[in-house]
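Here's the letter readout for the chains.
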Amino acid sequence: MTRRLTVAQALVTFLAHQYTERDGRRQRLIDACWGIFGHGNVAGIGQALLESEGALPYLQGRNEQAMVHAAVGFARQRDRLAAHAVTTSIGPGATNLVTGAALATINRLPVLLLPGDTFATRPADPVLQQLEHSGAGDISVNDCLRPVSRYFDRITRPEALIPAALQAMRVLTDPAETGAVTLALPQDVQAEAYDWPEEFFADRVWHVRRPAPDPAATADAAAAVRAARRPLIVAGGGVHHSEAEDALRALVEATGIPVASTQAGKGSLRHDHPADVGGIGHTGTAVADELARAADVVIGVGTRYSDFTTASATLFAPGVRFVNLNITSFDAHKLAALPLVADARAGLRALTEALAGYRVPASYESEYAAGKAAWEAEVERAYAVADPGARPGQAQVLGALDAVVGDEDVIINAAGSLPGDLHKLWRARSRRQYHLEYGYSCMGYEIPAAIGVRLAAPDRPVWALVGDGTYLMMPTELVTAVQEGIAIKVVLIQNHGYASIGGLSEAVGGERFGTAYRHRAPDGTYSGDPLPVDLAANAASLGMDVLRARTAGELRTVLAEARAADRPTCVYVETETADSVSGAPPAQAWWDVPVAETATRPAAVRARRDYERHAAARRRYLGT
């Protein structure tokens, strides 16, 4: 039996019947489709979504990149078990997907991209917005998506959709392969009819696997840990994706091994758990980084080991041994580790069983308990408000928010100076409260991601923390939040420039060149008066309810009012300028940003001397 539908209608119908299942819980795989329509998809996917009568819900976006960010936020909140699709027209709509696709793939988060493409039959060549390549007639702008997609296909014939759609679902639901998946859809093929087998539209359940570790590998890993006196766990995002927090807690309570976390892994233990020592690496805590420097075995769980985590290969001791538990062989083998290729929950449970009877020395537990208490005192100092009538510093903004939120709140951030302050200071209360996108650290992620998270968890208060630089990159989806009544909370911090890059520029001898939002001065630099922009008025013009906190003393009250609001609400606060410190403790470990080897300006000369001193500590971790 067959059903005659267009390619677009068949794809929408197919997507509406896809499900995931893990641990006996079944849910829709593709929960909704974001879209901005143009001539490349309006008569294909657009018409099909309309004809589906809500079988695949449609969400209207304002910027194609932002739609992908919203989809990624949704998928992360749903533990990668549900995702969104994103459809665009050809040309600039499709190329706007590239940044979002890179973010999704780098962070191992599923999103289905459905860009329109040029005519497969080429009745007119070129068509509007077509890229012409004199040496290859089959290239389109959608080929930009190949290197940032985990799976890519171009559907040039109707019957080609069947194997391509099945492969797309396979990759989206494979925890070791997932990321952005692109099905490029020529606009003529989208509208072409075909007789489809009814089996293509049957409910299909994709079982998300939990592979157990190899017993021999588990025994080797356990032997390495048993031989250690100062082991340290580095918890990454894979702990959350696998819902392995309880298994991690059981392991550390049985063994006493402390847990430091990457940006993606923060919240794997509650902040007040005795074994939680906070963030690790360049933006980590003093206690976590000191433990890392002296660790004899490091157990990585679901982490990619970015340069922030390893302090650009200067953090861990030369003789350290790594044991890496990861769903991907690629990540499990990093740093010449003993690989434990498995689902994080399954692997942690197997390791706990294999370590029965093992516990770290009591002196080690006392050491990191004292370090944890000392760092908590640092957090209190950073959060303290000396003058309630003055503008708050950025750390005081976080302290006020810390006092207002509950366990159920979600805090979203991605770029600027906030990630470093949050990693060091934030007290994560639940497994999905801390939502930092730091694989790609993409400015503009926060607001659309907050919409995606709120769609995934409509009963949780969701906060997007943005600086003025990030806000100016992509405020467009505030309109979407207002239109759909998605009651996100935006904390908009105005500090008149790129605070994070300004600080980095100063550290590497760049003298904060081009990082302040100010008028030009007579000497040609941006060192004049701050720009007279009113971002609060801008947010209000986009439909947001806006609350202004003019002093540190007002801030907590205003944040509490925003938390109670049932409409999209923005809290606007002006802090210290971008060329002043955030108030958080300084970096506890190095980060490798090369400095000019030859320079005449004294700041760069000094920075180069510091760079060479730090770079000399880089090392290769090659195991034994």
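Computed from a predicted structure; not experimentally measured.

Q: So what's going on with empty space enclosed by the protein? Which residues, and what values?
A: Here the structure, examined in full by the defined rule, presents one cavity of 30 Å³ or more. One number sums up the size of the largest cavity: a volume of about 50 Å³. In terms of lining, the largest cavity is formed by Ile-90, Gly-91, Gly-116, Asp-117, Thr-118, Gln-129, Gln-130, Leu-131, Ser-140, Val-141 and Asn-142. Class assignment of the residues belonging to the lining of the largest cavity gives a composition of three nonpolar, seven polar and one charged.

Q: Pulling in residues and values, what's your account of the environment of Pro-594?
A: By the secondary structure assignment, Pro-594 is in the loop between β23 (569-574) and α24 (602-615). By relative accessible area, Pro-594 is classed as exposed at 61%. With 18 residues separating them along the chain, Pro-594 and Glu-612 place their C-alpha atoms 9.3 Å apart.

Q: An account of the sheet that holds strand β5 (residues 58-60) is requested, with residue identities and associated values reported.
A: Reading across from one edge, β5-β4-β6-β7-β9-β8 is the order of the six strands in this open sheet, with parallel pairing throughout. At either margin of the open sheet sits one strand with a lone partner, and together these are β5 and β8 (151-154). Neighbouring strand axes in the sheet, compared pairwise and without regard to direction, differ in orientation by 20° on average. Note: strand β4 (residues 30-35) against β5, three bridges, orientation parallel. Bridge assignment links Cys-33 to a residue of β5, and that residue is Tyr-58.

Q: Let's hear about the pattern of salt bridges: which residues, and what values?
A: For the coordinates displayed, the defined rule picks out 41 salt bridges. A salt bridge links Arg-567 to Asp-545; its shortest N-O distance comes to 2.9 Å. Of the two residues, Arg-567 sits in the loop between α23 (552-564) and β23 while Asp-545 sits in strand β22 (residues 545-549), which places them 22 residues apart along the sequence.

The rules we used
- Residues numbered from 1 in each chain as written.
- Predicted model: local features only at pLDDT ≥ 70, side-chain atom pairs only at ≥ 80, totals over all residues.
- Heavy atoms only, no water.
- 1 Å grid on protein atoms, 1.4 Å probe; cavity = no way out; pocket = protein on both sides within 12 Å on 5 of 7 lines; lining within 4 Å.
- Points joined across faces, edges and corners; volume = space filled by probe spheres on them.
- Nonpolar A, V, L, I, M, F, W, Y, C, P; charged D, E, K, R; others polar.
- Helix = DSSP H or I, 4+ residues; strand = E, 2+ residues; numbered from the N terminus.
- Buried < 20%, exposed > 50% of the residue type's maximum accessible area, 1.4 Å probe, protein only.
- Pairing = 2+ DSSP bridges.
- Axes fitted to C-alpha atoms, helices over the stretch in contact; angles between N-to-C directions.
- Salt bridge = Lys/Arg side-chain N within 4 Å of Asp/Glu carboxyl O.

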